[in-house]
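As a plain string of letters, each chain reads:
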Amino acid sequence: VQLVESGGGLVQPGGSLRLSCAASGFTFSSYAMRWYRQAPGKERELVASISSGGGSTNYADSVKGRFTISRDNAKNTVFLQMNSLKPEDTAVYYCNAPRWDYADYWGQGTQVTVFS
């Protein structure tokens, strides 16, 4: 099983980034997917989630209206479009596939830094 994130980087406030997470080794289309983030010294935070078919999404209040989660089941990929970025969005962003037994699949993370 692999989840490989990409698309992180440095961006100024107000800018945009699009994160991707490529999945392999499991039946991607059967899993809801999530994006988490963890800033230095803080706990990991659930940012956004999407149902297996893509028809249902949820967002943390802190990113609602600015971030959009989507997925392409034909390409086994989940995305996080991040607009109007703020310095407080700076964190390592992780892709997650939750499992019923809590042995979730995790990616290695991608760094997002919003600097002024």
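Structure first, text after, so check above.
Residues numbered from 1 in each chain as written. Predicted model: local features only at pLDDT ≥ 70, side-chain atom pairs only at ≥ 80, totals over all residues. Heavy atoms only, no water.

(A) Structural context of the sheet that holds strand β1 (residues 2-6). Strand order across the open sheet formed by four strands is β1-β3-β8-β7, with antiparallel pairing between neighbours. Single-partner strands in this sheet number two, and they are β1 and β7 (67-72). Direction aside, the axes of adjacent strands within the sheet are offset by 15° on average. By the bridge criterion, six bridges tie β7 to strand β8 (residues 77-82) in an arrangement that is antiparallel. (Pairing = 2+ DSSP bridges. Helix = DSSP H or I, 4+ residues; strand = E, 2+ residues; numbered from the N terminus. Axes fitted to C-alpha atoms, helices over the stretch in contact; angles between N-to-C directions.)

(B) Geometry of the pattern of salt bridges. Evaluation of the coordinates by the stated rule reveals five salt bridges. Two residues, D89 and R37, come together in a salt bridge whose shortest N-O distance is 2.9 Å. With D89 in the loop between β8 and β9 (91-97) and R37 in strand β4 (residues 33-38), this residue pair connects regions lying 52 residues apart in the sequence. The exposure class of D89 is buried, given its relative accessible area of 0%. In this structure R37 comes out as buried when scored by relative accessible area, which is 6%. With a closest N to O distance of 3.1 Å, D61 and K64 form a salt bridge. Accessibility assignment for this pair places D61 and K64 in one class, exposed. Because the salt bridges share partners, they merge into one network encompassing R37, E45, R66 and D89. (Salt bridge = Lys/Arg side-chain N within 4 Å of Asp/Glu carboxyl O. Buried < 20%, exposed > 50% of the residue type's maximum accessible area, 1.4 Å probe, protein only.)

(C) Spotlight on the packing of aromatic side chains. Using the criterion set out here, one finds six aromatic pairs in the structure. For the ring pair F26 and Y105, a centre distance of 4.9 Å and an interplane angle of 45° mean the geometry is tilted. Linking F26 in the loop between β3 (17-24) and β4 with Y105 in strand β10 (residues 105-106), this pair joins segments that are 79 residues apart in sequence. The burial state of F26 is the same as that of Y105; both residues are buried. Each member of the aromatic cluster is reached from another via a ring pair, and the members are F26, F28, Y31 and Y105. It is R44 that lies over the ring of Y94; its NZ or CZ is 4.0 Å from the centre. Positioned over the ring face of F28 is R71, at 4.3 Å from the centre of the ring. (Phe/Tyr/Trp six-rings, centres within 6.5 Å; stacked < 30°, edge-to-face > 60°. Lys NZ or Arg CZ within 6 Å of the ring centre and 35° of its normal.)

(D) Geometry of the state of the cysteines. The final tally for this structure, using the stated rule, is one disulfide. The disulfide partner of C21 is C95, and the gap between their sulfur atoms is 2.1 Å. Judged by the sign of its S-S torsion, about -80°, the cystine formed by C21 and C95 is left-handed. Remark: C95 occurs in strand β9 and C21 occurs in strand β3; sequence separation between them is 74 residues. A relative accessible area of 0% means that C21 is categorised as buried. The buried category is assigned to C95, whose relative accessible area is 0%. (Disulfide = S-S within 2.5 Å.)

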